[in-house]
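The chain contents come next:
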Amino acid sequence: MLTTVAAGRVFDYSYCLGMYGMSGQGFWTPQDFALAEDDTVYVISRGAEELGQRISRVTLDHQFLGQFGAFGRGDGQFVWPRSITLDDDGNVYAADDFLNRVSVFDPEGGFLSCWGESGSGAGELNGPCGMAFDSDGNMLVVDSQNHRVQKFTRAGKFLGGFGRQGKGDGEFKMPWGLCVDDAGSVYVADWENNRVQKFDSDGNFLLKFEASPASGVGDLRGPTGVAVDSEGDVYVTDWGNHRLQVYAPDGRFITSLVGDAQQPSPWTQTYIDANPDIIKARRRVNLEPEWRFRRPVAVRVDENDRIFVLEANRHRIQIYDKVKDYEEHPLNL
């Protein structure tokens, strides 16, 4: 279904970006991405074992601009790259949940610095995942295996934090992604508790997004990423159920998106067209599973309320428009 209509909202599938690639053009088990103001997209790939760890720079019109980072423990290298975000200057911050550090690069990929210490004490990290800057220019980091969110300056100075392990309101169990909305509220994907929690800028619990107690509608299984649009609607990558769940600002479930990439990306299409045997094989099978999300891992919403969904297992981003002036025109058939 290329257009989804639900509860006064219209989500219109646009196109997809990306393909599998061990290096160069393409992604390999991507984990997160960041959108720059000039329509550059930074995608962080986890790779496999000791190969494929990198950050790719691409444009929304499918241009590959290059890559930086590699496997290793040195400056600008990764072991288990997990999350990425940008500051107001366009500098790139990448979290490594094995090395327990955040590496900083300039917009072209030049290494600038890194910070982070392993441990469970204040300001120490154990499995850093989602990252986002607040309105003051400070960074919030999901400290996943310490079951909390911590706040740092850009240079890595510890400022505070909130959360602890548990199932109650304001508690976490292996949290993953997070985002900050225009009002400064913080949304955290509480992975093993199968919910998203909303907090004010001081870390006070406000609301949660999860299955309806009565019907089970809107359930989550391992939520990984979260984003909020200009109207306050909340988007959650439901990693375990291979879908994107959409909620109203008050927590009401709206709808699910399941992926609609009926047309491969230009990168993928070029590969298909160059291989006659693949063309023949694709004619013999049902391609619908390929259209659908497989392990959606991160979601972003831009200033135009376009929704970008990253799939770890299909190595691509699917893009939807939230249509504000949608109208069904009568047709005489």
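Residues numbered from 1 in each chain as written. Predicted model: local features only at pLDDT ≥ 70, side-chain atom pairs only at ≥ 80, totals over all residues. Heavy atoms only, no water.

### Focus: the pairing of strand E2 (residues 9–17)
Working step 1: In this structure, strand E1 (residues 3–6) lies alongside E2, joined through 4 bridges in antiparallel fashion. Bridge pairing in E2 places Thr 4 opposite Phe 11.
Working step 2: Once E1 ends, the chain turns through 2 residues before running back antiparallel as E2, passing Ala 7 with a positive phi of about 50°.
Working step 3: Pairing between E2 and strand E27 (residues 316–322): 6 bridges, direction antiparallel. Counterpart to Tyr 15 in the pairing with E27 is Ile 319. (Pairing = 2+ DSSP bridges. Helix = DSSP H or I, 4+ residues; strand = E, 2+ residues; numbered from the N terminus.)

### A closer look at the packing of aromatic side chains
Working step 1: With the rule as written, the count across this model stands at 21 aromatic pairs.
Working step 2: Here Phe 152 and Phe 158 contribute two aromatic rings whose centre-to-centre distance is 6.0 Å and whose plane-to-plane angle is 65°, an arrangement assigned as edge-to-face.
Working step 3: Owing to a relative accessible area of 1%, Phe 152 belongs among the buried residues under this scheme.
Working step 4: Ring geometry for Tyr 187 and Phe 209: centres 6.1 Å apart, planes at 40°, overall tilted. With Tyr 187 in strand E18 (residues 186–190) and Phe 209 in strand E20 (residues 205–209), this pair connects stretches of sequence that are 22 residues apart.
Working step 5: Tyr 187 sits in the buried class, given a relative accessible area of 3%.
Working step 6: Residue Phe 209 is classed as buried on the basis of its relative accessible area of 0%. (Phe/Tyr/Trp six-rings, centres within 6.5 Å; stacked < 30°, edge-to-face > 60°. Buried < 20%, exposed > 50% of the residue type's maximum accessible area, 1.4 Å probe, protein only.)

### Let's talk about the sheet that holds strand E24 (residues 253–257)
Working step 1: Taken together, 4 strands build an open sheet; the order of strands is E21-E22-E23-E24 and the sheet is antiparallel. Here the strands that pair on one side only, and so sit at the sheet edges, are strand E21 (223–228) and E24. Strand-to-strand twist across the sheet, computed as the mean angle between neighbouring axes with direction ignored, equals 20°.
Working step 2: Pairing analysis gives 4 bridges linking strand E23 (residues 243–247) to E24, with the strands arranged antiparallel. Residue pairing for E24: Gln 245 is matched across the bridge by Ser 256. (Axes fitted to C-alpha atoms, helices over the stretch in contact; angles between N-to-C directions.)

### Looking at the pairing of strand E14 (residues 139–143)
Working step 1: Within E14, 5 of the 5 residues are buried, which leaves it mostly tucked inside the rest of the structure.
Working step 2: As paired elements, strand E13 (residues 128–133) and E14 share 4 bridges and run antiparallel to each other. Across the sheet, Met 131 pairs through a bridge with Val 141, a residue of E14.
Working step 3: Between E13 and the antiparallel strand that follows it, E14, lie 5 residues; Gly 137 among them carries a positive phi value of about 80°.

### Side note on the pattern of salt bridges
Close approach of charged atoms lets side chains of opposite charge pair.
Working step 1: For the structure shown, the criterion picks out 28 salt bridges.
Working step 2: Between Asp 89 and Arg 154 there is a salt bridge, with the nearest N and O atoms lying 3.3 Å from each other. One end of the pair, Asp 89, is in the loop between strand E9 (81–86) and strand E10 (92–96); the other, Arg 154, is in the loop between strand E15 (148–152) and strand E16 (158–162), with 65 residues separating them in the sequence.
Working step 3: The exposure class of Asp 89 is exposed, given its relative accessible area of 55%. (Salt bridge = Lys/Arg side-chain N within 4 Å of Asp/Glu carboxyl O.)

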